[in-house]
Amino acid sequence: VLQRWVLALPVGTEVEKKRKLQLQKELERSFLELDDRHSLGHEGLVFGHCDLLCANVIVLPSSSHASQRPAAETVSFIDYEYATPCPAAFDIANHFAEWGGYDCDYNMLPTKSIRRKFLKEYLLSFTSHTGEAINSTVMNKLAEDVDRYRGMPGLYWGIWALIQATISQIDFDYASYAEVRLGEYWTWRDETEGTRKRAGKE
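Residues numbered from 1 in each chain as written. Predicted model: local features only at pLDDT ≥ 70, side-chain atom pairs only at ≥ 80, totals over all residues. Heavy atoms only, no water.

> Any chance you could explain empty space enclosed by the protein here in plain terms?
The method is simple in principle: a probe with the dimensions of a water molecule rolls over the atoms, and the space it marks as empty is what remains. For the coordinates displayed, the defined rule picks out two cavities of 30 Å³ or more. In this structure, the largest cavity encloses a volume near 50 Å³. In this structure, the largest cavity is lined by Leu34, Asp35, Asp36, Arg37, His38, Ser39, Gly44, Pro87, Asp145, Arg148 and Tyr149. In terms of residue class, the lining of the largest cavity is made up of three nonpolar, three polar and five charged. (1 Å grid on protein atoms, 1.4 Å probe; cavity = no way out; pocket = protein on both sides within 12 Å on 5 of 7 lines; lining within 4 Å. Points joined across faces, edges and corners; volume = space filled by probe spheres on them. Nonpolar A, V, L, I, M, F, W, Y, C, P; charged D, E, K, R; others polar.)

If you want it as structure tokens, here you go:
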């Protein structure tokens, strides 16, 4: 999906051509660094929603009476427009990034303990559907993989927003949104490579 999006980026100016080339290089680099094919699913891929923001999660209230044991809530997902086979770690990292909302409020992102609870539930559901045995090693590997993919939602939605800025009829500042989301990616790169610390940035 990302490769198709990069190929669809506008190239009407020299700046656009340069940016497209830069993003293509980052995409190839990310594939080499992140795609180890040793994760959940078939050859490291699961069916990913890839747009699991809060508006696409519907939680129905339980229908139990006060005298009865509380019924489990029913959770449904909607809007599968971006669904595709992908690494589970990407889909989960993207879900966590979406906690910031459209305003990209990074104070809203889940803590490590909340992320671990989510991963536990995710793996319980995965096991119930696949029958595959899950142990603490799998849990730890998935947690590490999600952290490795943490910057990729910024690249994903940043590229998407660059395209939307040229084609969308919706009244939304996609160009600014693209810069914010790509900024997430570059900040993640700076952090993982140590360039932020060496430059003395917060």
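Back to the text.
> In this structure, what is going on with the side chain of Gln24? I would like to understand it.
Structurally, Gln24 is set in helix H2 (residues 14–34). Exposure remark for Gln24: the relative accessible area of 16% places this residue in the buried category. Setting aside its immediate chain neighbours within four residues, Gln24 contacts Gln3 and Val6. (Helix = DSSP H or I, 4+ residues; strand = E, 2+ residues; numbered from the N terminus. Buried < 20%, exposed > 50% of the residue type's maximum accessible area, 1.4 Å probe, protein only. Contact = heavy atoms within 4.5 Å.)

> Help me understand unusual backbone geometry in this model?
Comment: phi is negative for the bulk of residues other than glycine, and the bulk of peptide bonds are trans. Positive phi is not limited to glycine here, since Glu43 has a value of about 55 degrees. With respect to the secondary-structure elements, Glu43 resides in the loop between H2 and strand S1 (46–48). For Cys104, which is not glycine, the phi dihedral falls at a positive 55 degrees. By secondary structure assignment, the location of Cys104 is in the loop between helix H3 (88–98) and helix H4 (112–130).

> Hey, could you run me through the pattern of salt bridges in this one?
Side chains bearing opposite charge may pair, as long as their charged atoms lie close to each other. All chains considered together, the criterion is met by 14 salt bridges. Of the charged contacts, one joins Lys17 and Glu14 as a salt bridge, the two residues approaching to 3.5 Å between their closest N and O atoms. With Lys17 and Glu14 both in helix H2, this residue pair falls three residues apart, about one helical turn. The exposure class of Glu14 is exposed, given its relative accessible area of 59%. Salt bridges sharing common partners tie together Glu26, Arg29, Glu33, Arg189 and Glu193. (Salt bridge = Lys/Arg side-chain N within 4 Å of Asp/Glu carboxyl O.)

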